[in-house]
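What the coordinates show
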Number of protein chains: 2
Amino acid sequence: MSTILVVGSVAFDTVQSPSGSVSRILGGAATYFSLAASYFAKVRAIAIVGDDFTEKEERVLLDRGVDIRGIERVPGGKTFHWAGHYLDSLNEAKTLATDLNVFQGFDPKIPKEYEDSDFLFLANIDPKLQANVRRQMPKVKLVGGDTMNYWIAGFRSDLERVLQATDVLLINDGEAKMLADDKGLARAANKILTMGPKALVIKHGEYGATIFFGNGEFGGGTHPFRAPALPIEEVVDPTGAGDSFAGGFMGYLASQSQVTRDVLKRAMFYGGVMGSFAVERFGTERLRSLTRDQIDERFRAFQELSHLP
Amino acid sequence: MSTILVVGSVAFDTVQSPSGSVSRILGGAATYFSLAASYFAKVRAIAIVGDDFTEKEERVLLDRGVDIRGIERVPGGKTFHWAGHYLDSLNEAKTLATDLNVFQGFDPKIPKEYEDSDFLFLANIDPKLQANVRRQMPKVKLVGGDTMNYWIAGFRSDLERVLQATDVLLINDGEAKMLADDKGLARAANKILTMGPKALVIKHGEYGATIFFGNGEFGGGTHPFRAPALPIEEVVDPTGAGDSFAGGFMGYLASQSQVTRDVLKRAMFYGGVMGSFAVERFGTERLRSLTRDQIDERFRAFQELSHLP
């Protein structure tokens with residue numbers, strides 16, 4: 001079974017949505033990614049936490065077989081805490097507080113046991129740290145990455161450096177338009193494909209996601225591919241949807257013997273599937289206890305939603 | 001060949017977009033609808049114009065075989081004129097001027113020759129007029145309709161009356177949420193399906209469109225179906241995209257011997273196809289000179305974009 005190494009945040013989230021509110025529940029990009037990917041491949045996580053990250057939180061990851069030897073504990077430190085709400089729109093979080101805590105001093109170290117990982121996912125952290133990790137993992141088969149407006153706006157040259165060494169970038173509409181400095185989505189995508197990535201996944205929230213390909217990459221031309229998102233009556237908590245998408249996407253890639261164009265297309269559906277589960281409950285609740293049958297059943301629902309008979 | 005009767009606006013549009021600007025070119029919902037539908041079925045139009053609507057404009061519709069005997073001329077009158085721009089966003093027009101002119105006195109009369117029409121499309125006009133037309137066409141096989149925020153906000157009871165007699169309503173995200181008074185798209189859709197329509201098409205602009213079905217209607221359950229929109233590098237003029245979608249959608253329905261669930265799904269693709277052509281040039285230019293081969297080729301591009309191999 002292939003292994004995926006993910007580097008990113010583990011956090012406690014305080015979230016309000018129209019469905020209710022929760023306080024300091026386990027979250028963070030590396031957490032959502034790991035849980036979602038764990039249904040497809042062996043996941044190894046690198047992150048940093050304080051001593052408020054207890055055995056209870058550990059269990060969530062260990063129960064899904066996630067290797068957490070790369071999660072650094074800072075004695076006396078506090079874990080990254082994010083607070084936000086979705087009361088105005090389920091499509092966009094309003095941030096109320098960002099307490100970086102130990103995350104501020106994050107300097108990812110790759111445990112010896114992780115060095116033979118097959119796939120690498122650089123979740124949304126400082127692009128300097130992403131580049132650092134990337135350099136230490138020269139032999140991985142495929143590198144996926146994420147970023148956000150903050151790094152695009154203020155740390156462009158660092159970001160450009162890591163993009164040169166990223167195979168598949170996964171970002172949302174707003175980030176893509178900002179990165180390319182172009183309001184047209186298709187044009188923005190094609191500009192970003194000149195910055196290094198061989199393929200670019202642009203996530204459209206409740207409308208799904210599109211993958212754009214560099215010409216000739218992964219054995220095909222430039223035709224994009226679009227996967228839908230499931231129309232869900234009650235989105236309880238959108239937090240982590242994008243990271244869960246990335247987990248399903250990368251996890252599926254890692255489960256296949258080769259990353260071809262067709263495998264990437266199916267990975268888009270598995271990304272959507274895992275994102276759709278994530279938002280059904282607060283935090284990681286739904287991602288903890290899925291079965292492969294439930295995942296495949298939802299995959300078929302995505303096909304029925306988008307494929308002509 | 002089946003016939004579709006469309007009632008709506010014929011207008012002159014003044015449009016600015018990042019690609020350039022045009023002044024007083026032929027537009028209006030009935031125009032875009034008729035041209036798009038004309039590739040699939042025989043179209044009959046009811047509208048009102050002034051004497052600035054000359055033989056040149058007539059030719060655009062006649063060349064596509066559109067029956068314009070129902071287009072009323074008001075001697076000495078001026079045709080509806082709309083001015084707007086897409087400089088801030090291609091997804092939303094900023095209206096600069098709306099000169100209703102003769103459209104203000106529009107009181108649609110159905111010519112005797114139109115009375116045997118098979119399908120009816122009520123484009124976005126006063127719901128009182130829509131209801132009037134609907135009443136005069138009791139025997140049509142299927143009624144499609146459109147509306148907009150203005151009628152939803154201020155003329156709700158009129159709108160509710162016509163919705164009771166509409167089979168398929170085609171509106172956009174914002175309109176659906178406003179009509180249902182619900183920010184959740186899937187919930188909004190299900191509320192609207194209790195207002196009369198058997199199926200509801202919600203258009204998501206550059207992200208495609210979703211059709212929601214009333215339970216048991218058109219021979220199936222409640223599973224929605226989503227068609228993508230084509231990622232286009234240069235959207236020249238978004239005006240009329242929604243009406244062209246409706247034209248492709250209704251046109252395809254009219255071209256089939258029966259309106260089944262599967263036919264409605266394919267109609268969603270043809271709607272997207274005609275919308276994608278419309279935005280490639282200013283005004284109706286692209287819709288005037290298509291071939292059925294070009295339409296089918298784009299249909300296949302939509303399939304390739306959204307279907308797993």
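Since this is a predicted model, take the numbers as computed values, not measurements.

**Points about the confidence of the model for chain A**
- Put simply, chain A has an average pLDDT of 97, and 100% of its residues get 70 or more.
- Both scores are available for the predicted complex, with the pTM at 0.95 and the ipTM at 0.93.

**Notes on the interface of chain B and chain A**
- Counting residues at the interface gives 37 residues for chain B and 37 residues for chain A.
- Between chain B and chain A, a total of about 3,200 Å² is buried, with carbon and sulfur atoms accounting for 53% of that surface.
- Of all residues in chain B, the largest losses of buried area upon contact with chain A belong to Tyr-207, Arg-226 and Leu-308 of chain B, amounting jointly to 25% of the total for that side.
- Our enumeration of links across chain B and chain A arrives at 2 salt bridges.
- With its nearest N and O atoms 3.8 Å apart, the salt bridge here joins Glu-206 of chain A to Lys-177 of chain B.
- At the boundary of chain B and chain A, one finds 20 residue pairs in polar contact (both at pLDDT 80 or more).
- At the level of secondary structure, the elements contributing two or more residues to the side of chain B that touches chain A comprise helix H6 (173-180), helix H7 (185-192), strand E12 (209-213), strand E13 (225-227), helix H9 (261-278) and helix H11 (292-306) of chain B.
- With 5 residues, H11 of chain B is the largest single contributor of residues to the side of chain B that touches chain A.
- Residues that form the side of chain B that touches chain A fall into these classes: 16 nonpolar, 8 polar and 13 charged.

**What to know about the pairing of strand E5 (residues 67-74) of chain B**
Residues and elements named next belong to chain B.
- As defined by bridge partners, strand E4 (residues 42-50) adjoins E5 across 6 bridges and the pair is classed as parallel. The partner of Ile-48 across the bridge, within E5, is Glu-72.
- For the handedness criterion, the β-α-β arrangement of E4, helix H2 (residues 55-62) and E5 is classed as right-handed.

**Focus on the packing of H6 of chain B against H7 of chain B**
Residue and element names in this part refer to chain B.
- In the contact formed by H6 and H7, the axes pass within 9 Å of each other and the chain directions differ by 60°. Taken together, the axes of H6 and H7 are oblique relative to one another. The two elements H6 and H7 meet at a crossing, and its hand is left-handed. Of the residues in H7, those touching H6 at Asp-173, Ala-176, Lys-177, Leu-179 and Ala-180 are Leu-185, Ala-188, Lys-191 and Ile-192.
- Of the residues that constitute the contact of H6 with H7, the class distribution is 6 nonpolar, no polar and 3 charged.

**Examining the nonpolar core**
- In this structure, Leu-120, Leu-179 and Ile-192 of chain A together with Leu-120, Leu-179 and Ile-192 of chain B are the most contacted members of the largest nonpolar core, which totals 79 residues.
- With 5 residues, the single largest contributor to this core is H7 of chain B.

Calculation rules
- Residues numbered from 1 in each chain as written.
- Chains lettered and ligands numbered in written order.
- Predicted model: local features only at pLDDT ≥ 70, side-chain atom pairs only at ≥ 80, totals over all residues.
- Heavy atoms only, no water.
- pLDDT = per-residue confidence, 0-100.
- Contact = heavy atoms within 4.5 Å.
- Buried area = accessible area lost by both parts, 1.4 Å probe.
- Salt bridge = Lys/Arg side-chain N within 4 Å of Asp/Glu carboxyl O.
- Polar contact = N/O pair within 3.5 Å; in protein donor to acceptor, adjacent residues only side chain to side chain.
- Helix = DSSP H or I, 4+ residues; strand = E, 2+ residues; numbered from the N terminus.
- Nonpolar A, V, L, I, M, F, W, Y, C, P; charged D, E, K, R; others polar.
- Pairing = 2+ DSSP bridges.
- Right-handed = clockwise from strand over helix to strand, strands pointing away.
- Axes fitted to C-alpha atoms, helices over the stretch in contact; angles between N-to-C directions.
- Parallel < 35°, antiparallel > 145°, perpendicular 65-115°, else oblique.
- Left-handed = near helix turned anticlockwise from the far one by under 90°.
- Core = buried A, V, L, I, M, F, W, Y, C linked by side-chain atoms within 4.5 Å.
- Buried < 20%, exposed > 50% of the residue type's maximum accessible area, 1.4 Å probe, protein only.

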